[in-house]
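# Coordinate inspection notes
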Amino acid sequence: CFIGQVPVTVDGKVKCGDHVGPRADGSGLGVVTRLGEGPVVGIALENKFGPLAGVVKVLCFAGLNSIAAAGEKGDPKQMQALLDKAVALERRVERIEGEVVRLDHRVTVTEVVTGKTADNVRQLEEKVQVMEQM
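Summary of the structure given here. Positions within a chain are numbered from 1, following the residues in the order the chain's sequence is written. Thresholds applied to this predicted model are a pLDDT of at least 70 for local features of residues and 80 or more for the giving and counting of side-chain atom pairs; totals over whole chains, interfaces and linings are not thresholded and use all residues. Water and hydrogen atoms play no part in the side-chain values, which are based on all heavy atoms of the structure.

## Quick look at the pattern of salt bridges
Salt bridge, as applied in this entry: a Lys or Arg side-chain nitrogen positioned within 4 Å of an Asp or Glu carboxyl oxygen. Under the definition given, this model contains three salt bridges. Residue Asp11 is joined to Arg23 by a salt bridge in which the shortest nitrogen-to-oxygen separation is 2.5 Å. Within this pair, whereas Asp11 is found in the loop between β1 (2–10) and β2 (19–22), its partner Arg23 is found in the loop between β2 and β3 (30–33), the two being separated by 12 residues in sequence. Working definition: with a 1.4 Å probe on protein chains only, accessible area under 20% of the residue-type maximum means buried, over 50% means exposed, and in between means partly exposed. Asp11 gets classed as partly exposed once you look at its relative accessible area, which sits at 26%. Among the residues examined, Arg23 registers a relative accessible area of 28% and is labelled partly exposed. With a closest N to O distance of 2.4 Å, Asp25 and Arg23 form a salt bridge. Salt bridges sharing common partners tie together Asp11, Arg23 and Asp25. In DSSP terms, a helix is any run of H or I states spanning at least four residues, a strand is any run of E spanning at least two, and both are numbered starting from the N terminus.

## Here we look at the pairing of β2
Any two strands are treated as partners once DSSP identifies two or more bridges connecting them. Across four bridges, the pairing between β2 and β3 is antiparallel. Bridging from a neighbouring strand, Gly21 pairs with Val31 of β3. Note that β2 and strand β4 (residues 42–44) share two bridges and pair antiparallel. Within β4, the position partnered with His19 by the bridge is Ile43.

## Things to note about the nonpolar core
The criterion is simple. A nonpolar core is a set of buried Ala, Val, Leu, Ile, Met, Phe, Trp, Tyr and Cys residues joined through side-chain atoms within 4.5 Å. Val8, Val10, Val14, Val20, Ala44, Val56, Val58 and Cys60 together form the largest nonpolar core, which totals eight residues. Going through the elements one at a time, β1 and β5 (54–61) are the ones with two or more residues in this core. The leading source of residues in this core is β5, at three residues. Excluding residues within four positions of it along the chain, Ala44 makes contact with Val14, Lys15, Cys16, Gly17, Asp18, Val20, Val56, Lys57 and Val58. Residues Ile43, Leu59, Phe61 and Val87 belong to the second largest nonpolar core, which totals six residues. In this description, contact between two residues means that some pair of their heavy atoms is separated by no more than 4.5 Å.

Below is the structure:
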């Protein structure tokens, strides 16, 4: 189950595509691991070159460990294709989120303009009524 793109503080060097799991000491830090060798929370989406802990974007999944056996026995090209598809889907979600923000801004501007226009129409109607009463 795909969870999303999550910033994870990872100890040590990380290459884009590395599997990231929790450190065994309970510190809450992540470390590079191999699928099937320990818990895996996701796949790094960027590099981190320094040895000290630092934040890395990680494509997180629930149940990633359950496919470890399939990954070891399966075709590595299929696993890479799944990763590529997940990254492409994340990019689509980001584009859609950006479009929603843009459209929300347009709606807000339209509401402000429409509200002002409605106020102007009401004021003109009131003036017309006053003039008709004269």
